[in-house]
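Fold and contact review
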Amino acid sequence: MKHTSLSKKISRRDFISRTATGTAMFAFAPLNNVMAYTTDSNWAKDAKKFTFYMIGHGHIDPVWLWPWTEGISVVHSTFRSALDRMKETPGMVFMSTSAQFYQWVADNDPAMLEEIKQRIAEGQWAVVGGWWIEPDMNIPSGEAMVRQGLYGQRTLRKLLGQTATVAANPDSFGHPSTLPQIISLQGMKNYVFMRPQASEKTIPADLFWWEAPDGTRVLTYRIQDSYNESNELKNRIESILKQTQGQPETDFLAFYGVGDHGGGPTKRNLKSILELQAEKGAPKIIFGSPERYFADVRAKNLSLPVVNDDLQHHAVGCYSAESEIKKNNRLSEAALVKAEKITSVGSVIWNARYPKDEFEKAWKQVLFLQFHDSLAGSSLAVHSQDAREGHNYALNIANSALAIALQKLEWQIPTEDPDSEYLIVFNPHAWEVKANIEYDINNKPSPIVTDDSGRTLPTQYVQAQSVTGRKRILFNASLPAFGYRQIRIRRGDGVIAESKVNVRDNVLENEFYRISISGDGTIGIYDKESGKDVFKGGATGCKGVIIDDPSDTWSHEVVDFTKNTTGNYKYTTKGEIGAFGNAKTSIIEKGPLRAAIRVTTSYGDSDMTIDWRLTAGSRNIEGNVSLNWHEKLKMLKFSFPVDVESPKATYETPYGHIVRATNGEEDPGQRWIDMTGNGGGLTIFNDAKYGYSVHGSDVRITVTRSAPYAHHGPGKLSDLAPEGNYIWMDQGIQTMRLLLTPHSGDWKTINAPRIAEEFIAPPVAAYQGIHGGTMYKSGSYMSVDAPNVIVTAVKLSEDGNDCIIRLVETTGNTTSFTLRFPSVDYQWDGTIKAFEIKTLRMDTQSGRIREVNLLEE
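Structure report, in brief. (Residues numbered from 1 in each chain as written. Predicted model: local features only at pLDDT ≥ 70, side-chain atom pairs only at ≥ 80, totals over all residues. Heavy atoms only, no water.)

**Section: the overall build of the protein**
The secondary structure content of the protein amounts to 16 helices and 46 strands. Taking 857 residues into account, the globule formula puts the C-alpha radius of gyration at 29 Å, and the protein, at 28 Å, falls close to it. For the protein, the spread of C-alpha atoms along the three principal axes comes to 100 × 65 × 50 Å. Every one of the 857 residues in the protein was classed for burial, and the buried ones make up 63%. Just so you have it, the protein exposes about 31100 Å², and 48% of that area is on carbon and sulfur atoms. Across the protein, 93 positive and 101 negative side-chain charges occur, with their mean positions spaced 1 Å apart. (Helix = DSSP H or I, 4+ residues; strand = E, 2+ residues; numbered from the N terminus. Rg over C-alpha atoms; globule rule 2.2 N^0.38 Å. Buried < 20%, exposed > 50% of the residue type's maximum accessible area, 1.4 Å probe, protein only. Areas by Shrake-Rupley, 256 points an atom, 1.4 Å probe, with all protein chains shown as cover. Lys, Arg positive; Asp, Glu negative; His and termini not counted. Charge placed at Lys NZ, Arg CZ, Asp CG, Glu CD.)

**Brief notes about the packing of helix H3 (residues 99-108) against helix H5 (residues 142-160)**
Two elements in contact, H3 and H5, have axes separated by 9 Å at closest approach and are oriented at 40 degrees. Where H3 crosses over H5, the two elements pack in a sense that is left-handed. Between H3 and H5, the residues in contact are Ala99, Tyr102, Gln103 and Ala106 and Gly152, Thr155, Leu156, Leu159 and Leu160, respectively. Each residue belonging to the contact of H3 with H5 can be placed in one class, and the counts come to six nonpolar, three polar and no charged. (Axes fitted to C-alpha atoms, helices over the stretch in contact; angles between N-to-C directions. Left-handed = near helix turned anticlockwise from the far one by under 90°. Contact = heavy atoms within 4.5 Å. Nonpolar A, V, L, I, M, F, W, Y, C, P; charged D, E, K, R; others polar.)

**Notes on the pattern of salt bridges**
On inspection of all chains with the given rule, the structure shows 54 salt bridges. A salt bridge links aspartate 309 to lysine 201; its shortest N-O distance comes to 3.0 Å. With aspartate 309 in the loop between strand E11 (306-307) and helix H10 (323-349) and lysine 201 in the loop between strand E6 (190-193) and strand E7 (207-211), the pair connects residues that are 108 residues apart, well separated along the chain. An identical accessibility class is assigned to aspartate 309 and lysine 201; each is buried. Residue arginine 485 is joined to aspartate 452 by a salt bridge in which the shortest nitrogen-to-oxygen separation is 2.6 Å. Highlighted residues: arginine 485 in strand E17 (residues 483-490) and aspartate 452 in the loop between strand E14 (448-450) and strand E15 (459-462), separated in sequence by 33 residues. Residue classification places arginine 485 among the buried positions, given a relative accessible area of 13%. Shared partners join several salt bridges into a network, and the residues in it are Glu438, Asp440, Arg472, Glu589, Arg594 and Arg613. (Salt bridge = Lys/Arg side-chain N within 4 Å of Asp/Glu carboxyl O.)

**Focus: empty space enclosed by the protein**
Scanning all chains against the criterion turns up eight cavities of 30 Å³ or more. Lining the largest cavity are 33 residues, and of these Glu652, Tyr655, Arg671, Glu757 and Thr792 lie nearest its centre. Every element with two or more residues in the lining of the largest cavity is listed here: H5, H10, strand E30 (648-653), strand E31 (656-660), helix H16 (752-760), strand E41 (789-796) and strand E42 (803-809). If you tally residues by element for the lining of the largest cavity, the top one is H10, at six residues. Residues of the lining of the largest cavity, tallied by class, amount to 15 nonpolar, nine polar and nine charged. (1 Å grid on protein atoms, 1.4 Å probe; cavity = no way out; pocket = protein on both sides within 12 Å on 5 of 7 lines; lining within 4 Å. Points joined across faces, edges and corners; volume = space filled by probe spheres on them.)

**Some words on the sheet that holds strand E40 (residues 783-784)**
Pairing is antiparallel in the open sheet, where three strands are placed in the order E40-E43-E44. Two strands in the sheet have a free side with no partner beyond their single neighbour: E40 and strand E44 (826-832). Examined bridge by bridge, E40 and strand E43 (residues 815-821) share two bridges and lie antiparallel to one another. Each residue of the ladder has a partner; that of serine 783, found in E43, is arginine 820. (Pairing = 2+ DSSP bridges.)

**Remarks on the environment of asparagine 624**
If you trace the backbone, asparagine 624 turns up in strand E28 (residues 621-629). Asparagine 624 gets classed as partly exposed once you look at its relative accessible area, which sits at 29%. In this structure, asparagine 624 is in contact with Thr609, Ile610, Asp611, Arg613, Met736 and Arg737, ignoring residues within four places of it in sequence.

**Some remarks on the pairing of strand E38 (residues 764-768)**
Working note: regular strand, side chains alternate between the two faces of the sheet. Here E38 shows a buried face lined by Val764, Ala766 and Gln768 and an unburied face lined by Ala765 and Tyr767. Where strand E12 (residues 421-427) meets E38, five bridges bridge the pair, whose relative direction is antiparallel. For valine 425, the partnering residue across the bridge sits in E38 and is alanine 765.

**Thoughts on the packing of aromatic side chains**
All chains considered together, the criterion is met by 32 aromatic pairs. Aromatic side chains tyrosine 651 and tyrosine 692 sit 5.9 Å apart centroid to centroid with 85 degrees between the ring planes, which places their arrangement in the edge-to-face category. With tyrosine 651 in strand E30 and tyrosine 692 in strand E35 (residues 691-695), this residue pair connects regions lying 41 residues apart in the sequence. Accessibility expressed as a relative area gives 0% for tyrosine 651, which makes it buried. Among the aromatic residues, ring-to-ring pairing joins Trp350, Phe426, Phe482, Tyr484 and Tyr781 into one connected group. (Phe/Tyr/Trp six-rings, centres within 6.5 Å; stacked < 30°, edge-to-face > 60°.)

**Thoughts on the nonpolar core**
Side chains of a nonpolar character, in soluble globular proteins, are inclined to be buried together. Ranked by internal contacts, the top residues of the largest apolar core, which has 167 residues, are Phe79 and Leu819. Take this core: its biggest share by element is ten residues, from helix H13 (residues 381-410). Setting aside residues up to four positions removed in sequence, phenylalanine 79 forms contacts with Ile60, Phe94, Ser96, Phe101, Tyr102, Val105, Met112, Ile116 and Trp125. Core analysis: the next-biggest nonpolar cluster, separate from the first, contains 47 residues, Val503, Phe535, Trp612 and Leu627 among them. (Core = buried A, V, L, I, M, F, W, Y, C linked by side-chain atoms within 4.5 Å.)

**As for the sheet that holds strand E16 (residues 470-479)**
Across the sheet, three strands lie side by side as E13-E16-E15; this open sheet has antiparallel pairing. Taken across any chain shown, the strands that pair with only one partner, and hence form the sheet edges, are strand E13 (433-442) and E15. Within this sheet the neighbouring strands show an average axis-to-axis angle of 30 degrees, counted without direction. As judged from the four bridges shared by E15 and E16, these two strands associate in the antiparallel manner. Each residue of the ladder has a partner; that of glutamine 460, found in E16, is leucine 474.

**Re H16**
A large share of H16 lies buried, amounting to eight of its nine residues. Taken as a whole, H16 has its buried residues at Ala752, Pro753, Arg754, Ile755, Ala756, Glu757, Phe759 and Ile760.

Here is the structure:
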């Protein structure tokens, strides 16, 4: 998104800049550099004490209002122009942020790459960014951000001979508080960003220490005004000086050059810089790089403020615009991580193939599609088709690699009875998992399902994938940590197990909950242990609320979708205008292991089906949603009015979590959000959405927004495109999964991070033929004994064939833990700090383990 106006209207939230509990999110440093500035044509008397590092830049959106193929051409022409300007202006410095751009140059114009390398050696071309692309910073997972730097820095080193020390995401729409730790572990101790701007978030200075929850700090600079400038630069310099009065720094970055569709520094830019350098009384104007700027600032040892917060908010509509690309992003990330886990252990234990090159290609495709105008949903409809193909490419690589590795495993595990059918079920998590498994098998009346020890497992038939020939069996199994178990299915004797889950009319019930469906389709959850309803008013949960949404694709200046904007965009909303209702219900599953009710509701031209499922012995309530949406300029939110006092909302963020105010404003989150108050609460998980709002104890998930593609205000849609031929987002069918987990404590009590991992990456089953084999019928290859330590990634190293193991501490407690490798009778003891991301590198031959950074070094 390219709007760069500097409206000085500051929201109350941004002015206060506090958490829900009122704790200040930044510490102030002394302010002692105040300039007496006048508005006449002459410079202020003390202007000479300021230094401006002039950064040539040609911001390139490889995809936005044009397809990615055009973006390749834009990179080439922008780089050519920058190189030509360097010939004309000795000393000029240019930067570009994305490793993907250099890869395109290497592939298409090797001679240009050599020219760039020469300019790097001369100090005129700055190597910054360090990531594969300049992504959206709210929607990618923590592991995806790790891979952005892993593949980005490796590409820079391979093509340019060095890595970046300055991370830069000028155009991204917000930045999570966990980012300083991630980029620091990728070799970058400095950060440059622009959004949110001063009108969107107040921070004590534009140069500050940004501190992550684990304590990692990076020196961070917020760009004033814009990362683009095509005109003379005196006005830009004066504007920066006005905006930064009273701040502790006297050195500033000033970006210039034509951008968005590329372009780079112009002759006019450079002429004005040379004139400023000669102008009497002007600040010191030098050509410089971000790396030089940060080195010079660090040498001054300034007393700078510390910010302990995420950097939000800009373009809140982008948390939810274009549902398909967001869901496919999450599924692709999860599929690649799961495939890497299973194929990496398989390559060591049962000689499976680990397709390293294919995984790298798949990850790079996903990372490119995380570009901020792509993943944010702010590009063209044609790009949505490109993204669909790209995500399917990544999913195919991941799922094929996983399937082939599991089939190689099953061939080595013996099966004995030709009248039985066998499955191998693999758990990709480093802790024991109890899970429902579904698989279509040949019809067996009254089947008996047993595990490798002969224990009979709870089972039932559910709706099959086909109409004839096969039946879908559901069973519940306990699976060893990061390992597998063989399951046998044979003809039974007709005895039906006693049911511990019941369904009647509009009620589902197990040992823990009684779930009721109301006439409008909302649900009530009665917690038998607490003796309380989870939702206020009883059956009021998961209400499909419709909100009038006249805002543009980005939702510029929107803070709360139920309120009007008052800035340049002036969107007037009617607020809540209706809800899905007129419910019809039917029983679709009936124990003994699981029961389910289908609820169908409608609104306007749209209809929605939610299958609510409850399993015997489970504290998790499943909801499978299918929405057929045909509304325009409207938003759908699911409302969960949790019945608690003193509400506290916690959001999962990339490799972390954050507590935010419960004031109804739109916020980004990852797979789960928790509402906790006096006496307990509710954690809600989903597999597709990233936009949330919380008002009091009413938690809302933004399901869909029906904006037109690439509608950038200000101005009414009808004025911008009076012909009325718009291409609308999110029309038709979309699906998502929900998981509701009530609790008597908070999200830590139920271990929400573990539930999220199991929810998004469930165990996978592989069918076995009848054959011999030498491997055991169950096996475990790795476990971690600390419940707050999650093994988030297991892969082979990019260089060599060592095993990379990534762990994340999730609750804010320094923890001693043990990693066990049962198949080789080995363990490793370690300590992980609060909120730390720890990466281990294991020599698969000797078993030696050492700690490395996120570049695996």
